[in-house]
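Reading the structure
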Amino acid sequence: MNRSKISPYASLNEESWISKTEELIKQHPLSEKEIVQLCLDSWENIFSSRIGNLQIGKNFFPSPQIVGALLHALIPANIEARFENWQGEKNKYDKDIVYIKDDYYSIELKTSSDPKYIFGNRSYAQPQDGITGKSKNGYYLTINFEKFMPDLKLRPEIKIIRFGWLDHTDWVAQTAATGQQARLSPQAYRSKLKILYQK
C-alpha cells in the first residue's frame, strides 16, 4: 500500500492536526531552514537571469504565470544541486520535487501572486487512482509572491512560504460547471500548512 494514499490525519480530530503537521515536517529530510533558503535563493536566481538582452526586473517584467514557472524550474534544480537523492519531475507520475530514496517525502510545489491564498486546478479536489497521474496527497511547498509593478520601480518579494501535508480532500472545487479552479479549505491553512517565512 502506498503510504501517501493513507492520510496521516485519518482518525484525528482537527484539534490534533497542528501537532501532526509539526511531526510530519520534523520527519521530512529537508529542514525548515533549508526549505526557506532554497526558496529565497531561487527567487534571487530569477533576478540574476537574462533572456537574450533582457534582464529580469530591469527591462523585462514577467507575468505571475511566468514567475511561477521559473520557480517551478529553479527550486527543484537547486535542491538537486545541493542535496543527494533529490531531483525534479521526470514523468507525469512524479511530484514536482522528487525524493529518490522514498517517494513519500516528494513535494508538490504551488505558487501564487495572491497575497495569501494558493490555488490548484479542479483535479486537485478529486481522488486519484494512482494510474492516471500523480497523487494529490502528500507534502506541499507553497509560495506567495508579489507581482512585478514596473511603474513603481519596486522589486517584488516573496511574501509567504508554507510547508506541510495536504490531502485531496483539503481542496474545494469551484461549484460552477465551467469552474476549473480549486481552493484550499480554511482548515488546511489553519492546521496543515505551517508558515515557515512571512514578510
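The shown structure was predicted, so the numbers you read here are calculated from the model rather than taken from an experiment.

1. Quick notes on the overall build of the chain
The helix and strand inventory of the chain stands at four helices and 11 strands. Counting the 199 residues in the chain, one finds 44% classified as buried. Considering only contacts within the chain whose residues lie at least 6 apart along the sequence, 67% involve residues at least 24 apart.

2. Description of the confidence of the model for the chain
On average, residues of the chain score 89 in pLDDT, and 88% of them are at 70 or above. Here strand β6 (residues 119–121) stands out as the least confident element of the chain, with mean pLDDT 84; strand β11 (residues 193–198) is the most confident, with 98.

3. Details of the side chain of Q55
Relative to the helices and strands, Q55 is located in strand β2 (residues 54–55). We classify Q55 as buried; its relative accessible area is 12%. For Q55, the side chain forms a polar contact with the side chain of R50, separated by 2.9 Å. Beyond its immediate stretch of four places on either side in the chain, Q55 contacts F47, S48, S49, R50 and F60.

4. Observations concerning the nonpolar core
Among the nonpolar cores identified, the biggest contains 34 residues, and W43, L71, I75, I107, Y139, L141 and F163 are the most heavily contacted of them. A per-element tally of this core places helix α2 (residues 32–47) first, with seven residues. Among all residues touching I107, those that are not within four sequence positions of it are H28, L30, W86, K95, D96, I97, Y139, Y140, L141 and F163. Judged by nonpolar contacts, the second largest core, of nine residues, contains I118, Y140, L184 and L193.

5. Remarks on the packing of aromatic side chains
Following the criterion strictly, the structure yields 15 aromatic pairs and no others. Between the aromatic rings of Y104 and W165, the centroid separation amounts to 5.2 Å while the plane-to-plane angle is 40°, which identifies the pairing as tilted. Residue Y104 is found in the loop between β4 (97–99) and β5 (107–112), and its partner W165 is found in strand β8 (residues 158–166); the two are separated by 61 residues along the sequence. Ring centres of Y117 and Y189 lie 5.4 Å apart, and the angle between their planes is 70°; on these two criteria the pair is classed as edge-to-face. Of this pair, Y117 sits in the loop between β5 and β6 while Y189 sits in helix α4 (residues 186–191), and the two are 72 residues apart along the sequence.

6. Observations regarding the sheet that holds strand β9 (residues 171–173)
An order of β6-β10-β9 is seen for the three strands of this open sheet, with the pairing classed as antiparallel. Two strands in the sheet have a free side with no partner beyond their single neighbour: β6 and β9. Geometrically, the sheet is characterised by an average inter-axis angle of 35° between neighbouring strands, direction not taken into account.

7. Some remarks on the packing of α2 against helix α3 (residues 64–82)
For the pair α2 and α3, the least separation of the axes is 9 Å and the interaxial angle reads 125°. Judged on the interaxial angle alone, α3 and α2 are oblique. Considering the relative orientation of α2 and α3, their crossing is right-handed. Residues Q37, L38, C39, D41, S42, W43, N45 and I46 of α2 pack against V67, L70, L71, L74, I75, N78, I79 and R82 of α3. Looking at the contact of α2 with α3, its residues break down into 10 nonpolar, four polar and two charged.

8. What about unusual backbone geometry?
Of note in the backbone geometry, S11 takes a positive phi value of approximately 75° without being a glycine. Of note, S11 is situated in the segment before α1 (17–27). Overall, the relative accessible area of 80% leaves S11 in the exposed class. Phi is positive for N85, which is not a glycine, with a value near 70°. Tracing the chain through its elements places N85 in the loop between α3 and β3 (86–88).

Scoring rules and cut-offs
- Residues numbered from 1 in each chain as written.
- Predicted model: local features only at pLDDT ≥ 70, side-chain atom pairs only at ≥ 80, totals over all residues.
- Heavy atoms only, no water.
- Helix = DSSP H or I, 4+ residues; strand = E, 2+ residues; numbered from the N terminus.
- Buried < 20%, exposed > 50% of the residue type's maximum accessible area, 1.4 Å probe, protein only.
- Contact = heavy atoms within 4.5 Å.
- pLDDT = per-residue confidence, 0-100.
- Polar contact = N/O pair within 3.5 Å; in protein donor to acceptor, adjacent residues only side chain to side chain.
- Core = buried A, V, L, I, M, F, W, Y, C linked by side-chain atoms within 4.5 Å.
- Phe/Tyr/Trp six-rings, centres within 6.5 Å; stacked < 30°, edge-to-face > 60°.
- Pairing = 2+ DSSP bridges.
- Axes fitted to C-alpha atoms, helices over the stretch in contact; angles between N-to-C directions.
- Parallel < 35°, antiparallel > 145°, perpendicular 65-115°, else oblique.
- Left-handed = near helix turned anticlockwise from the far one by under 90°.
- Nonpolar A, V, L, I, M, F, W, Y, C, P; charged D, E, K, R; others polar.

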